[in-house]
Amino acid sequence: MVASAFLPELWTEILVPVCAVVGIAFSLFQWFIVSRVRVSSDQGASSSSSGGSKNGYGDYLIEEEEGVNDQSVVAKCAEIQTAISEGPVMISATSFLFTEYRYVGVFMVIFAAIIFVFLGSVEGFSTENKPCTYDETKTCKPALATAAFSTIAFVLGAVTSVLSGFLGMKIATYANARTTLEARKGVGKAFIVAFRSGAVMGFLLAASGLLVLYVTINVFKIYYGDDWEGLFEAITGYGLGGSSMALFGRVGGGIYTKAADVGADLVGKIERNIPEDDPRNPAVIADNVGDNVGDIAGMGSDLFGSYAEASCAALVVASISSFGINHDFTAMCYPLLISSMGILVCLITTLFATDFFEIKAVKEIEPALKNQLIISTVIMTVGIAIVSYVGLPSSFTIFNFGTQKVVQNWQLFLCVCVGLWAGLIIGFVTEYYTSNAYRTGAATNVIFGLALGYKSVIIPIFAIAVSIFVSFSFAAMYGVAVAALGMLSTIATGLAIDAYGPISDNAGGIAEMAGMSHRIRERTDALDAAGNTTAAIGKGFAIGSAALVSLALFGAFVSRAGVHTVDVLTPKVIIGLLVGAMLPYWFSAMTMKSVGSAALKMVEEVRRQFNTIPGLMEGTAKPDYATCVKISTDASIKEMIPPGCLVMLTPLIVGFFFGVETLSGVLAGSLVSGVQIAISASNTGGAWDNAKKYIEAGVSEHAKSLGPKGSEPHKAAVIGDTIGDPLKDTSGPSLNILIKLMAVESLVFAPFFATHGGILFKYL
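Looking up the chain in an unreviewed UniProt entry gives the name H(+)-exporting diphosphatase, with the organism given as Brassica napus. The UniProt entry for the chain carries this comment under Subcellular location (unreviewed entry): "Endomembrane system".

S.K.: So, the overall build of the chain: which residues are in play, and what are the values?
M.R.: Helix and strand counts for the chain come out as 24 helices and four strands. Compactness check: the chain gives a C-alpha radius of gyration of 25 Å against a globular reference of 27 Å for 764 residues, within 12% of the reference. Taking the principal axes of its C-alpha atoms as reference, the chain extends roughly 80 × 60 × 45 Å. Per-residue burial for the chain yields a buried fraction of 65% across its 764 residues. Contacts in the chain between residues far apart in sequence, at least 24 positions, make up 84% of those at least 6 positions apart. Of the roughly 25600 Å² that the chain leaves accessible, carbon and sulfur atoms contribute 67%. Here the chain carries 47 positive and 60 negative side-chain charges, and the mean point of each set is 2 Å from the other.

S.K.: Give me the lowdown on the environment of Thr381, citing residues and values where you can.
M.R.: Its place among the elements puts Thr381 in helix H11 (residues 365–391). Thr381 sits in the buried class, given a relative accessible area of 18%. Distance in space between the C-alpha atoms of Thr381 and Ile84 is 40 Å, their sequence separation being 297 residues.

S.K.: So what's going on with the pairing of strand S4 (residues 403–408)? Residues and values would help.
M.R.: As judged from the six bridges shared by strand S3 (residues 395–400) and S4, these two strands associate in the antiparallel manner. By the bridge assignment for S4, Asn400 is matched with Thr403. Here S3 folds back onto S4, and the loop between the two strands holds two residues, one of which, Phe401, carries a positive phi near 50 degrees.

S.K.: Quick rundown of the side chain of Gln609? Include the residues and the values.
M.R.: Tracing the backbone through its elements, the reader meets Gln609 in helix H17 (residues 571–612). Judged by relative accessible area, which is 0%, Gln609 ranks as buried. Other than its neighbours up to four places away in sequence, Gln609 contacts Pro282, Leu616, Pro623, Asp624, Thr627 and Cys628.

S.K.: Would you mind going over the environment of Val155 in detail, with residue names and values included?
M.R.: Of note, Val155 is situated in helix H4 (residues 143–182). The exposure class assigned to Val155 is partly exposed, which follows from its relative accessible area of 31%. Sequence spacing of Val155 and Val549 is 394 residues, and the spatial spacing of their C-alpha atoms is 21 Å. Ignoring any residue separated from it by four or fewer positions in sequence, one finds Val155 in contact with Met108 and Ala112.

S.K.: Describe the nonpolar core, and please don't skip the residues or the numbers.
M.R.: Within the largest apolar cluster, 229 residues are counted, with the highest numbers of intra-cluster contacts made by Phe191, Tyr334, Ile365, Tyr478 and Phe557. At 21 residues, the largest contribution of residues to this core is made by helix H5 (residues 187–224). By size, the runner-up hydrophobic cluster in this structure holds five residues, among which are Tyr694, Ile695, Ala703 and Ala717.

S.K.: Outline the pattern of salt bridges, listing residues and values.
M.R.: Tallied over the entire structure, the rule returns 14 salt bridges. Between Asp355 and Arg196 there is a salt bridge, with the nearest N and O atoms lying 3.7 Å from each other. Within this pair, whereas Asp355 is found in helix H10 (residues 334–356), its partner Arg196 is found in helix H5, the two being separated by 159 residues in sequence. Taking relative accessible area as the criterion, Asp355 reaches 34% and is therefore assigned partly exposed. With a shortest N-O distance of 3.5 Å, Arg250 and Asp302 are connected by a salt bridge. Here the residue Arg250 occupies a position in helix H6 (residues 228–271), and Asp302 occupies one in helix H7 (residues 284–319), the gap between them amounting to 52 residues. Comparing Arg250 with Asp302 shows no difference in burial state: the two are buried. Members of the salt-bridge network, linked through shared partners, are Lys258, Asp261, Asp725, Lys728 and Asp729.

S.K.: Hey, could you go over the confidence of the model for the chain for me, with residue numbers and the actual values?
M.R.: Per-residue confidence for the chain gives a mean pLDDT of 84; residues scoring 70 or more make up 91%. Considering only residues more than four positions removed or in separate chains, one finds that residues 42–69, a stretch of pLDDT under 50, has 69 contacts. Low pLDDT, under 50, characterises residues 437–444; the predicted model gives this stretch 23 contacts beyond four residues in sequence or across chains.

S.K.: Which residues make up the side chain of Ser306, and what values go with them?
M.R.: Note on placement: Ser306 falls in helix H7. Discounting residues that sit within four places of it in the chain, Ser306 has contacts with Leu488, Ala542, Ser545, Val549 and Lys740.

S.K.: Give me the lowdown on the packing of H6 against H7, citing residues and values where you can.
M.R.: Taken N-terminus to C-terminus, the directions of H6 and H7 make an angle of 160 degrees; their axes are 7 Å apart at the nearest point. The angle between the axes of H6 and H7 places the two elements in the roughly antiparallel class. For the pair H6 and H7, the crossing hand works out as left-handed. Here the contact of H6 with H7 is built from residues that sort into 16 nonpolar, 14 polar and seven charged.

S.K.: Tell me about H4, residues and numbers included.
M.R.: For H4, which comprises 40 residues, the first-to-last C-alpha distance of 57 Å matches the rise-based estimate of 58 Å (1.5 Å per residue) to within 8%. Where H4 bends most, at Ala175, the angle is about 30 degrees. Among the 40 residues that make up H4, 31 are buried, leaving the element largely enclosed by the rest of the structure.

S.K.: Help me get a handle on the state of the cysteines, residues and values and all.
M.R.: Throughout the structure, instances matching the rule amount to zero disulfides. The thiol sulfur of Cys333 is not disulfide-bonded, and the nearest other cysteine sulfur, from Cys19, lies at 12 Å. Using a relative accessible area of 2% as the deciding quantity, one classes Cys333 as buried.

S.K.: Could you give an account of the packing of aromatic side chains, naming the residues involved and the relevant values?
M.R.: Per the stated rule, a full pass over the model turns up 29 aromatic pairs. With a centroid separation of 4.8 Å and 70 degrees between ring planes, the pair formed by Phe149 and Phe220 is classed as edge-to-face. In this pair, Phe149 sits in helix H4 while Phe220 sits in helix H5, placing the two residues 71 residues apart along the sequence. In this structure, Phe149 and Phe220 share a single accessibility class: buried. When the ring centre of Tyr223 is taken as origin, the NZ or CZ atom of Lys141, which lies over that ring, is 4.9 Å away. Seen from the ring of Phe329, Lys221 lies directly overhead, with NZ or CZ sitting 3.9 Å from the centre.

S.K.: Pulling in residues and values, what's your account of a nonpolar patch on the surface?
M.R.: A grouping of Leu10, Ile14, Val18, Val22 and Leu344 is seen on the molecular surface, where their side chains present a nonpolar patch of about 380 Å² in accessible area. It is helix H1 (residues 9–35) that provides the largest number of residues to the nonpolar patch, a total of four residues.

S.K.: Go over the packing of H6 against helix H19 (residues 641–658) with me, naming the residues and quoting the values.
M.R.: In a packed pair of helices, the relevant descriptors are the angle between the two axes and the axis-to-axis distance. Close contact between H6 and H19 brings their axes to 10 Å; oriented N to C, the two are set at 155 degrees. One element, H6, and the other, H19, form an angle in the roughly antiparallel class. When the axes of H6 and H19 are compared, the crossing they make is right-handed. In contact with Ser244, Leu247, Phe248 and Val251 of H6, H19 contributes Pro643, Gly644, Val647 and Met648. Considered class by class, the residues forming the contact of H6 with H19 number six nonpolar, two polar and no charged.

S.K.: Kindly report on unusual backbone geometry, identifying the contributing residues and their values.
M.R.: A positive phi angle, close to 55 degrees, is found at Asn273, a residue other than glycine. If you trace the backbone, Asn273 turns up in the loop between H6 and H7. The backbone of His327 shows a phi angle near 55 degrees, a positive value even though the residue is not glycine.

S.K.: Kindly report on the environment of Val629, identifying the contributing residues and their values.
M.R.: Position of Val629 relative to the elements: it lies in helix H18 (residues 625–639). Along the chain, Val629 and Gly290 lie 339 residues apart, while their C-alpha atoms are 9.2 Å from each other.

Criteria and cut-off values
Residues numbered from 1 in each chain as written. Predicted model: local features only at pLDDT ≥ 70, side-chain atom pairs only at ≥ 80, totals over all residues. Heavy atoms only, no water. UniProt positions renumbered as here; feature names shortened; annotations may be inferred. Helix = DSSP H or I, 4+ residues; strand = E, 2+ residues; numbered from the N terminus. Rg over C-alpha atoms; globule rule 2.2 N^0.38 Å. Buried < 20%, exposed > 50% of the residue type's maximum accessible area, 1.4 Å probe, protein only. Contact = heavy atoms within 4.5 Å. Areas by Shrake-Rupley, 256 points an atom, 1.4 Å probe, with all protein chains shown as cover. Lys, Arg positive; Asp, Glu negative; His and termini not counted. Charge placed at Lys NZ, Arg CZ, Asp CG, Glu CD. Pairing = 2+ DSSP bridges. Core = buried A, V, L, I, M, F, W, Y, C linked by side-chain atoms within 4.5 Å. Salt bridge = Lys/Arg side-chain N within 4 Å of Asp/Glu carboxyl O. pLDDT = per-residue confidence, 0-100. Axes fitted to C-alpha atoms, helices over the stretch in contact; angles between N-to-C directions. Parallel < 35°, antiparallel > 145°, perpendicular 65-115°, else oblique. Left-handed = near helix turned anticlockwise from the far one by under 90°. Nonpolar A, V, L, I, M, F, W, Y, C, P; charged D, E, K, R; others polar. Expected span 1.5 Å × (residues − 1). Bend = angle between axes of the 7 residues up to and from the residue. Disulfide = S-S within 2.5 Å. Phe/Tyr/Trp six-rings, centres within 6.5 Å; stacked < 30°, edge-to-face > 60°. Lys NZ or Arg CZ within 6 Å of the ring centre and 35° of its normal. Patch = residues over 30% accessible without salt bridge, like charges linked within 9 Å, V, L, I, M, F, W, Y side chains within 5 Å.

Here it is, written out as structure tokens:
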């Protein structure tokens, strides 16, 4: 008889939702503090007595160090913020997301119907109970029930993913002008506002994802009762819904933001020699809107999908291990307990940046963000030890491809820790290859940038490989799944750091458009430069966790589909490997081409306006922002559909026509090549971007020798940045969704493929 977990079931049922609620409450508290920074020209609304407040709220928003009492600048910031967030129809981030979600909503309904029909047909839509897959002496709920509950879980995951992205965007647009205004009083105050705003998104997403998953499990349990195998098989739909929405958010948002960014830079900086985010540039509003719909809404949905899939992969394997067989609810909820502990750890970590220490100089920004990663990882290691001790039996068994492997609780602790620390390593390697501080050359040219991106793959791949070997050796595929959860356990801090970047970027844009002084723009540029590095770190975490979670989902798929071995020497598997390895290249080609064609239209429109609108360059006439926004919107909506269809239809076509063995090869091939391309693309683009900012900042003597803005080296750096934009913000980040989405989709449809798949080989 296997022992039960030390923590009673009742305490588990209390702790998980309480931690989620604490996370939501903390995010609302951070939002409340940010909201006290007033975007208003009303002098009486601010309290001059709080001028020394470290957090910056309630301060008198005047450029004190320059003695400028210009309330019109504050009003201008408020006006620009409203245009970016709400704005007129078809100009704001909100209107774009609503347009995107209408199309995505149609897809969600169609795909939900496909899930129900395909899974329901496994047993001819029978309503009778069936023998369980892994224990035929017991009876499980009918396939029709799994079809219905998988469909419900899919819709819940999709809606939660959409809300995660939308709320993240609303928070970012709420904070950008406030960050700009705080920059008037010092870089430290601006940093705190941007970071607190990022924390709102991070904690809201992590806590709401955990809460919705926990509630869904408990509601489904009312019907399934002791049939935990069927229950957690249905729960996999939650991960599929989350990632499918993330794919469209990432691709659509990425095309939108990069079309605007490339168009604005090529004409504005290179041809017209005007500053970045200059209000004379017709594409500037589209560029700032794009930062929010791509970098914020897209990243929010992406990391939510990773979290949902990692949890689902672990729960599926646990349900057919001793946890599920013995109905040990506390041990079964081990993945949720890790996430609950992560929320508490990230809460403590956030206080180090916002309350315990104060940023006083530009050089302190990047170390403060790096310390967030280190502190959260160290404290989380202790947290995992506590959860593993109280939430797991001392000894238990884990399903391992047809056998039950005996595992100790300390081994599972090491599995989670190896994923956690691998995430930190990947983050620091990314930081090294993209940060200004470690640049040895000048404006990174195209050749050097590509070489740097390829080189940056080496250490992260070794880190992922070690994580896989250690975790699989200790606890089979369940160990790999919880290693992915370990990497994502500090998701609240990771998202806070990641969201900080686009908020700072928008703050700089607003400062430029509002006509603030050069000193203010220097501060926002410093915040933005650190934000670019941290955004790359966030992408590294997303890619690393995607590799682990897709492997765990692959293992669950192979087990569920009844594949005992995946033999690469058989023709069925080898053709799948080749096709799977090709898919990331096909997908990247589609997204890069989409950005290129949309950017070309943007360039032509920006040139047309500069050539035909009298007084535009002189600043006496206003550009037509709406036309540029429409170009980005139309392109992103139209162009996100083909890459989305490629990813979503591939598992269905391969599984149905060629069978589960070929599909296994496709999943393995896409994982192996997709991870490498994603890391190199993200880091290459990040390095080119910061090379441009290295010259523009002009901090070092070497940078000054290459400048100023508009010089030939600066123009070369802008071109490099332009090439890198779609790599780091469209193709690279979308690839990690490709590899995990195909894996979770294959897992959801595994019963259908096992029963009806491979029709071509059946008749050959």
